[in-house]
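# Understanding the architecture of this molecule
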Amino acid sequence: MTFAVDEINRNSTLLPGVKLGYRILDSCTSSRWALQVALSLVGGDEHSCGQPVPLLIGPASSTITIILSRILGPLSVPLISYQASCPCLSDRLKFPNIFRTIPSDIYQARAMARLAIHFRWTWMGAVIKNNDYGHFAIQAFQEETKGKGVCLEFIETVQRETIVSDARRAALTIQASTARVILIFSWHTDVRTLFLELAKRNVTDRQFLASEVWSTSGDILKDLAISKVASGVLGVAIRSATIPGFQNYLRSLHPIRRPDDEFLREFWEKEFGCSPHAESFRKGSLAPCSGTESLKGVQNHFTDTSQLRVAYNVYLAVYAAAHALHSLLSCNRSTCSSPKHIKPIELLQHLNKVNVTTPQGEMFYFQGGDIPAKYDLVNWQKTPEGSLRLVLIGRVDGFDLILNESAIQWSTGSTQVPVSVCSESCPPGTRKANRKGEPLCCFDCIPCAEGEISNQTGSLHCERCLSEFWSNAKQTACIPRQLDFLSFNETLGITLSTIAVSGAAVTTAVLVVFLCYRQTPMVRANNSELSFLLLLSLKLCFLCSLVFIGRPSVWACRFQQAAFGISFVLCVSCLLVKTLVVLVVFSSARPGAKALMKWFGPGQQRGSVCLFTSIQIIICASWLSLSPPVPQRDLGFQGSKVTLECAMASVVGFSLVLGYIGLLACTCLLLAFLARKLPDNFNEAKLITFSMLIFCAVWVAFVPAYVSSPGKYVVAVEIFAILASSYGLLLCIFAPKCFIILLRPEKNTKKYLMAR
């Protein structure tokens, strides 16, 4: 303070013609004594040479500052504190006369919160002073980390009166905790006691975050007993600055030149063990100094100006007062105040307007009664001797965190950032699921469901992919769904194709047998012309199933249904006419039956088949011209593949095609059933009955299977129904005939066939 006042008094531009005076008094950390001293200065007694003091710098304690503000507030006497950091002092309605050159504690708590967020420490413990300082700080920390995924496993409180038991309790909690990073808002004496307790229990694997109250404490740094526990401490400290000329000023101080300086005299006696004033020598007291003593070679905390923190705050406070006075005196003559009659309220008004640049080039101004938040970030690092040293590793400027991470030495002794989490972050492809009854930081990682993704670490939710996309194997990205259809290259397609071709080949073989033996009674007795037409239609049925396999196209979708519908109607029509012929033949012995036979000659049989088939052709032509099936992607089926299928634009058309086939099949089945017991050694009506039973059973089962099958398996079901019914007709009708023709030729005679 004296250095700053002397520097200002030498400045010819700041306060020209005006010299600042000062009076330094010790409050002894007592609110009662501080109040007595402050009132004496403001009232103007012997402490202030009879002149009222218009402005006070101090005190250091927030509690004493609050008391002084309430007493001096009505007098509008401004107080500039250099160390009172309670957030409550920012309330201008309650404390309009308080100014501070130290930021509010709320900003250091926010800085520590940003450090926790920056290093992804989501699971922490806290030890706080059981007073407003500790509770305000931890509240600000929690507000800053709210919604950022940071949780406190525990909050332990300590107080000076019961520090031993409190420190023991807190140490046990820390030892049992799973949190690896511990936040401490408390005085350095409390922290030292806590560290001693931790050292007894050999708890050396915790990373401590220090508040500015103890982050630069020399007492803890020098204590070798707790160096293992305190190593790696990361702290927020009052920002440091250099004051040019201050070191030379300190080393040039001498009690001879400052005989009234009681502080300097006490320091001199402790440092050199002698009394600087010879006239004060008495028996039993210190011997007088020789006069050659000097601070130039002394190395201690008093002469160390490498990191001026609180001292710089005092320096700023003096300059704030000087600039407010300069603003007050630099006025129009009509409103100008006399330097000898400065009113506190006038000085208070001008302090609110202070906005200057310090000799160090720093912009300085008050926001209300506070200054912008600026801090140093410090790290406690081991020295080769085993002690700890303070290393500057970054700074906080407002909301900006400037950090040199490579310079940090952590509690583990390495440069690897400690991990302090309750649960490891959920990797992409998973989501968080909170554990019941536990903090939000404790969770399980649940894999995303199929069709959902999370592409960020720690996702709370999985996002569903759009309908044309699907999740990849790791559930981290949506990829286009692959087109899927029944292909000739896959196992199912190859199997069905093989069965279809085999069926066509067997049908061809039967056709060849019937051609070779067309003059035999077995072939001639069973209406050889209709048999050949039936074999041809069965071959078409087998081959039409191949049209359903492969990539659907516009023409493929139209042709497959038409080929299927017409082939089966041709086949069933042949069977129906065959059945009618059997009934008519066996009824020929009845009176009037000869007239009926005229309507079932070879020409009429061919005409009937053509008529029945023509009706199906008309249905198919109408359906395909009005609302044909078209290739379409089926997005309804959830999977990595999207089915390309022939979508039925008109269900009515498809129903008519199937319905007409079903009508002919049911009619044929009914007639064949009626003719099954007609007397004959080889009654074809029995074979037709069995074949139509199989045919109807297959297609009745087809409907629910078709409706419920997913994706390309719809096509596979329809192909299976075509092949199953075709094989049923082929085997039931032609297998017995081929057996007799090839293996029992003795039965292939007219006599045997006509026998009853």
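In every chain, residue numbers begin from 1 and rise along the written sequence. Selection of residues for local features in this predicted model requires a pLDDT of at least 70, selection of side-chain atom pairs for listing and counting requires 80 or more, and totals for whole chains, interfaces and linings are taken over all residues. No hydrogens and no water enter the side-chain calculation; it runs on all heavy atoms of the structure.

## Section: the packing of helix 19 (residues 602-626) against helix 20 (residues 651-674)
Where helices are involved, their axes are fitted lines through C-alpha atoms of the stretch in contact, as for all axes, and angles between N-to-C directions lie from 0 to 180°. Counting from the N terminus, the helices are DSSP H or I runs at least four residues long and the strands are E runs at least two residues long. With their axes 9 Å apart at the nearest point, helix 19 and helix 20 run at an angle of 170° to one another. With respect to their mutual orientation, helix 19 and helix 20 come out roughly antiparallel. For the pair helix 19 and helix 20, the contacting residues are Phe612, Ile615, Gln616, Ile619, Cys620 and Trp623 in the first and Gly653, Phe654, Leu656, Val657, Tyr660, Ile661 and Leu664 in the second. Amino acids outside the nonpolar list (Ala, Val, Leu, Ile, Met, Phe, Trp, Tyr, Cys, Pro) and the charged list (Asp, Glu, Lys, Arg) are all regarded as polar, and Gly is one of them. For the contact of helix 19 with helix 20, the class distribution of residues is 11 nonpolar, two polar and no charged. By definition in this entry, angles of less than 35 degrees are roughly parallel, angles greater than 145 are roughly antiparallel, angles of 65 to 115 are roughly perpendicular, and the rest are oblique. Contacts are assigned to residue pairs that have any heavy atoms within 4.5 Å of one another.

## Some details on the pairing of strand 8 (residues 234-238)
Here the term buried applies to any residue with accessible area under 20% of the maximum for its type, exposed to any over 50%, and partly exposed to those in between, with areas from a 1.4 Å probe on protein chains only. By the criterion of burial, strand 8 is predominantly enclosed, with five of the five residues buried. Pairs of strands are assigned from DSSP output, requiring at least two bridges between the strands. For strand 7 (residues 207-210) and strand 8, the ladder comprises two bridges, and the chain directions are parallel. Of the residues in strand 8, the one forming a bridge with Leu209 is Leu234. Bridge count for strand 8 against strand 11 (residues 374-382) is five bridges, and the pairing is antiparallel. Opposite Gly235, over in strand 11, you have Val378 as the bridge partner.

## So, the sheet that holds strand 21 (residues 630-634)
Ordered in space as 20-22-21, the three strands form an open sheet in which the pairing is mixed. This sheet does not close on itself; its edge strands, each paired only once, are strand 20 (482-484) and strand 21. Strand-to-strand twist across the sheet, computed as the mean angle between neighbouring axes with direction ignored, equals 35°. The sheet contact formed by strand 20 and strand 22 (residues 641-647) spans three bridges and is parallel. In the sheet register, Asp484 faces strand 22, and the bridge partner there is Thr643.

## Things to note about the state of the cysteines
Covalent bonding between the sulfur atoms of two cysteines is what defines a disulfide. The term disulfide is used for any two cysteine sulfur atoms that are within 2.5 Å. A full pass over the atoms with the stated rule returns eight disulfides. Residue Cys426 pairs covalently with Cys445 via a disulfide, S to S 2.1 Å. On the S-S bond that ties Cys426 to Cys445, the torsion sits near -95°, and the link is left-handed. On the criterion of sequence distance, the pair formed by Cys426 in the loop between strand 13 (400-403) and strand 14 (430-434) and Cys445 in strand 15 (residues 443-447) is long-range, its members being 19 residues apart.

## Focus on helix 16 (residues 528-544)
Multiply 1.5 Å by the residue count of a helix minus one, and that product is the helix's expected span. Taking 1.5 Å per residue as the helical rise, helix 16 with its 17 residues ought to reach 24 Å, and the 24 Å between its terminal C-alpha atoms agrees with that figure. What helix 16 keeps buried is the set Leu530, Ser531, Phe532, Leu534, Leu535, Ser537, Leu538, Cys541, Phe542 and Cys544.

## Description of the pattern of salt bridges
Any carboxyl oxygen of Asp or Glu within 4 Å of a side-chain nitrogen of Lys or Arg constitutes a salt bridge here. In this structure the tally under the stated criterion is 19 salt bridges. Glu144 is the salt-bridge partner of Arg110, the closest N and O atoms lying 3.9 Å from each other. Residue Arg110 is found in helix 4 (residues 105-118), and its partner Glu144 is found in helix 5 (residues 132-145); the two are separated by 34 residues along the sequence. Overall, Arg110 belongs to the partly exposed group, its relative accessible area being 25%. For the salt bridge of Arg265 with Glu269, the shortest nitrogen-to-oxygen distance reads 2.8 Å.

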